[in-house]
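Coordinate inspection notes
If you want the building blocks of each chain, they are given just below.
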Amino acid sequence: MLKRLYAIVIKEFRHIMRDWQTLMIILLMPVLMMFLYGYALTMDLIDVPVIIVDPSMSSEVRTIVGDIDATSLFSVIRTERVVQEPAELMKKYHAKLIVRFPSTFAKDLRRGGGGADIQVLIDGSDSNVGTILKNTIGPLLTRASLDLIKMEQPKAITVHPKVLYNPQQKSALYFVPGLMAIILLMVSAMLTSLAITREKEIGTLEQLLVSPLNPAEIIIGKILPYCVIAAIDSVLIMLVGRIFFDVTIAGNVYLLAATTAIYIFTSLAIGLLISTIAANQQQAMMIVLPVTMLPTVILSGFIFPVKSMPVFLQAITCFIPATYFLEIIRGIVLKGIGISILLKPVVILSAIGLFLIFVSIKRFRVKL
Amino acid sequence: MRLVALMIWKEFLHLKNDKMSIRLMIFPVILQALIMGYALTTEVKHTPVTVCDMSASQLSRSLIESIRSNSLFQFQPLSESYAEVRERLDRGESRIGLVIPEDFEHSLRSGNGADVQLVVDGQDANSSNVASGYINAIITQWGSTYLKKQAQLQGKDIKLLIPVTVNPVILFNPLLKSTWYMVPALIVLLITMVTSLLSGLSIVKEKEKGTLEQIMVTPVKPIHLIAGKTVPYLLIGFFELTIFIYLGVGKGQALKN
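Keep in mind it's a predicted model, so treat the numbers as computed, not measured. (Residues numbered from 1 in each chain as written. Chains lettered and ligands numbered in written order. Predicted model: local features only at pLDDT ≥ 70, side-chain atom pairs only at ≥ 80, totals over all residues. Heavy atoms only, no water.)

1. Looking at the overall build of chain A
Assigned secondary structure in chain A consists of 14 helices and 5 strands. Here the C-alpha atoms of chain A give a radius of gyration of 29 Å, more than 25% beyond the 21 Å that 2.2 N^0.38 yields for 368 residues. By residue count, 50% of the 368 residues in chain A fall in the buried class. Residue pairs at least 24 apart in sequence account for 78% of intrachain contacts in chain A once pairs closer than 6 positions are excluded. Computing the positive centroid from 33 side-chain charges and the negative centroid from 24, chain A places the two 9 Å apart. (Helix = DSSP H or I, 4+ residues; strand = E, 2+ residues; numbered from the N terminus. Rg over C-alpha atoms; globule rule 2.2 N^0.38 Å. Buried < 20%, exposed > 50% of the residue type's maximum accessible area, 1.4 Å probe, protein only. Contact = heavy atoms within 4.5 Å. Lys, Arg positive; Asp, Glu negative; His and termini not counted. Charge placed at Lys NZ, Arg CZ, Asp CG, Glu CD.)

In structure tokens:
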């Protein structure tokens, strides 16, 4: 039994080695994707262009403008005296923010008793950026103005924020574990389904079936090499994350390895199931992309928070294995929590994997 | 010109016979547009919040009520201790924990200002920033309302306390809906996908069947062929664009109301 299994594993490895271009893509793609996502997916805001409208050109306003410009978030690009159409001005200079001081600002501020009104116009087209700008500019302007007249800001409550799990708020810490879920699914599900449908296409699957090998040996033998590749990829992802993006694993590495193995197993089961449905490689690709990749990227919580989705889409996310794996891997890498808290997603993920493998073996046998 | 028209006509005939392709280029795309339009929201909603109220006073309860009544948060049961807050965050049941200290009411009434601690699950820098910004704004709002009330009780004018007011106006997307930002981007993405796929496939199909060589020996020049293969899909692209804009604008209008 073991000898026959060994033979089919060796055969599959030869297929892979012969197609070394694909192998390079499989091994280099994770690294490439990490750099792409790592540098393109950062939503950190720096040097947001600001236009100041100040009819009086007073020294008070200039001091406040200096305070705005001194922050890393804002960068003052122009100062105008008069403005008719603020929206036009914003479009013309690609500004995200216009701060309008009234002509009597300095006088009103020194006199006290209110009336020093500052109008802030915010480009809200990107809603999150708009929210952040709105929440930042208000307190910044108030503090700068009060500093000018040496006045303490009366404050009822001081909020002391404490950020857990990712105190420096680096986006890499969040996306590297997420990317692991995407890449492992891609490698395992896509490659196994292609490997089996390829044999179907060239008719060699039938030759294998009439050989002394039993179906289980064929399946396991064809899957094992891709397990190895997926494992190499996951180590590669964590290494690149460690070296280039400073991602350290807060929790237990062995638990991470064990749960990753479960996820790889589940992804392979998906690939296997697809290969029993598809007749050729083209069909396999057509099924893999919309059925597994797209939902995983969009609905698993990889980029877009599941909690913000409508309820019917949240229900769909329950059927995506990556949803559970993301919870597990982020739990281990970022939060450093153990199996006692992660038991539920681990059990569900294993159940999905077992179910899929059961169905695909059943279907595989029917075909004989 | 006549040759181009003929080629275009031929392409439409192909399309007419290929009902599957027509279905494939319309229904899944619209479905994708709808699902993505709903799912691709970077807005931060329904953030689960837990509060540990050590003060258990009238003022702390009023503060909690102002958070509970806000629809941006999903209010979770109260926690007994900081340890429980931490455990809820570990379990992922809550993303934000608010700890109100014992001396909260006392410090507020004494006029020194109170302190509260906000424990934030910072895994996703973006959404945790936005969520803690929201809760910060609610607490500050509550605090200034409290100050105003106190000032009124003492017969002072609140305007004297803070001489500056900042009035924010949001342009272009006044409700800060992320759908308005995402749908145009989505249209670009889907149109690129569909039209490049279809026009590519139609030429490859001719190659596969060997009819491309037959066309080569006719008076049809490469430029006619390319025009004939692209114009139909250009029209289909325009048609889909119209549907997307209709859907997008319809959704936008629905959101406005």
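2. Quick look at the domain arrangement of chain B
As far as domains go, chain B holds domain 1 (2–39 + 177–256) and domain 2 (47–161). The C-alpha-based centres of domain 1 of chain B and domain 2 of chain B are spaced at 52 Å. (Domains from an automatic or database assignment.)

3. Concerning the interface of chain B and chain A
Across the boundary between the two partners, chain B contributes 68 residues, which contact 66 residues of chain A. Carbon and sulfur atoms make up 64% of the area that chain B and chain A hide from each other, which totals about 6,100 Å². Linking chain B to chain A there are 0 salt bridges. Every element with two or more residues in the side of chain B that touches chain A is listed here: α2 (19–39), α4 (82–91), α5 (104–110), β4 (114–121), α6 (125–153), α7 (158–161), β5 (164–171) and α8 (178–209) of chain B. Among the elements that make up the side of chain B that touches chain A, the one with the highest residue count is α6(B) (13 residues). The class makeup of the residues in the side of chain B that touches chain A is 38 nonpolar, 20 polar and 10 charged. (Buried area = accessible area lost by both parts, 1.4 Å probe. Salt bridge = Lys/Arg side-chain N within 4 Å of Asp/Glu carboxyl O. Nonpolar A, V, L, I, M, F, W, Y, C, P; charged D, E, K, R; others polar.)

4. What about the sheet that holds strand β2 (residues 74–80) of chain A?
With respect to topology, 5 strands assemble into an open sheet ordered β2(A)-β1(A)-β3(A)-β4(A)-β5(B), the strand pairing being mixed. On the outer flanks of this sheet lie β2 of chain A together with β5 of chain B, each paired with one strand and no other. Taken over all neighbouring pairs, the strand axes of this sheet differ in orientation by 20 degrees on average, direction set aside. Direction of pairing for strand β1 (residues 48–53) of chain A relative to strand β3 (residues 97–100) of chain A: parallel, over a ladder of 4 bridges. Each bridged residue has a counterpart across the sheet, and for Val50(A) the counterpart in β3(A) is Leu97(A). (Pairing = 2+ DSSP bridges. Axes fitted to C-alpha atoms, helices over the stretch in contact; angles between N-to-C directions.)

5. Considering the pattern of salt bridges
Residues and elements named next belong to chain B. Here the structure, examined in full by the defined rule, presents 19 salt bridges over all chains. Between Arg 68 and Glu 65 there is a salt bridge; the shortest N-O distance is 3.4 Å. Remark: Glu 65 and Arg 68 occur in helix α3 (residues 58–68); sequence separation between them is 3 residues, near one turn of the helix. Classification of Arg 68 as partly exposed rests on a relative accessible area of 44%.

6. Notes on a nonpolar patch on the surface
All names here are of chain B. Nonpolar side chains collect at one region of the surface, where Trp 9, Phe 12, Leu 13, Leu 234, Leu 235, Phe 238, Leu 241 and Ile 245 lie side by side and expose about 750 Å² of accessible area between them. Every element with two or more residues in the nonpolar patch is listed here: α1 (2–17) and α10 (222–256). Position of Leu 241 relative to the elements: it lies in helix α10. Judged by its relative accessible area of 30%, Leu 241 falls in the partly exposed class. (Patch = residues over 30% accessible without salt bridge, like charges linked within 9 Å, V, L, I, M, F, W, Y side chains within 5 Å. Areas by Shrake-Rupley, 256 points an atom, 1.4 Å probe, with all protein chains shown as cover.)

7. Focus: the packing of aromatic side chains
Residues and elements named next belong to chain A. Evaluated as defined, the whole model comprises 7 aromatic pairs over all chains. For the pair Phe 35 and Phe 245, a centre-to-centre distance of 5.9 Å together with 45 degrees between the ring planes defines the contact as tilted. One end of the pair, Phe 35, is in helix α2 (residues 20–40); the other, Phe 245, is in helix α9 (residues 215–245), and 210 residues separate them in sequence. Arranged with centres 4.1 Å apart and planes meeting at 5 degrees, the rings of Tyr 263 and Phe 325 form a pair that is stacked. On the criterion of sequence distance, the pair formed by Tyr 263 in helix α10 (residues 253–277) and Phe 325 in helix α13 (residues 321–335) is long-range, its members being 62 residues apart. We note that Tyr 263, like Phe 325, is buried. Taken together, the ring pairs connect Phe 35, Phe 175, Phe 244 and Phe 245 into an aromatic cluster. Sitting over the ring of Tyr 174, Arg 330 keeps its end group 3.7 Å from the ring centre. (Phe/Tyr/Trp six-rings, centres within 6.5 Å; stacked < 30°, edge-to-face > 60°. Lys NZ or Arg CZ within 6 Å of the ring centre and 35° of its normal.)

8. Some thoughts on α8(B)
Here α8(B) contains 32 residues, and its C-alpha end-to-end distance of 46 Å stays within 8% of the 46 Å for a straight helix at 1.5 Å per residue. Positioned one or two residues after α8(B), Gly210(B) has a phi angle of 85 degrees, which is positive. (Expected span 1.5 Å × (residues − 1).)

9. Notes on the confidence of the model for chain B
The predicted model of chain B has a mean per-residue pLDDT of 81, with 91% of residues at 70 or higher. For this predicted complex, the interface score ipTM comes out at 0.72, alongside a pTM of 0.77. (pLDDT = per-residue confidence, 0-100.)

10. Notes on the packing of α10(A) against helix α11 (residues 281–299) of chain A
All names here are of chain A. It is the contact of α10 with α11, at a shortest axis distance of 10 Å, that shows an interaxial angle of 135 degrees. In terms of orientation, α10 lies oblique with respect to α11. Of the two elements, α10 crosses α11, and the hand of that crossing is right-handed. Contacts between α10 and α11 pair Ile 270, Ile 274 and Ile 277 from the former with Ala 284, Ile 287, Val 288 and Thr 292 from the latter. Here the contact of α10 with α11 is composed, by residue class, of 6 nonpolar, 1 polar and no charged. (Parallel < 35°, antiparallel > 145°, perpendicular 65-115°, else oblique. Left-handed = near helix turned anticlockwise from the far one by under 90°.)

11. Describing the sheet that holds strand β2 (residues 73–75) of chain B
Across the sheet, 5 strands lie side by side as β5(A)-β4(B)-β3(B)-β1(B)-β2(B); this open sheet has mixed pairing. Edge positions in the sheet fall to β5 (157–164) of chain A together with β2 of chain B, since each has one partner strand and no second. With strand direction ignored, the average angle separating the axes of adjacent strands in the sheet is 25 degrees. Bridge count between strand β3 (residues 96–100) of chain B and β4(B): 4 bridges; the pairing is antiparallel. Note that in β4(B) the partner of Leu98(B) across the bridge is Leu118(B). Together, β5 of chain A together with β1 (47–53), β2, β3 and β4 of chain B form the strand contacts of α6(B), whose direction differs from that of β4(B) by roughly 160 degrees.

12. Considerations on the pairing of β2(A)
Direction of pairing for β1(A) relative to β2(A): parallel, over a ladder of 6 bridges. What sits directly across from Ile51(A), in β2(A), is Arg78(A).

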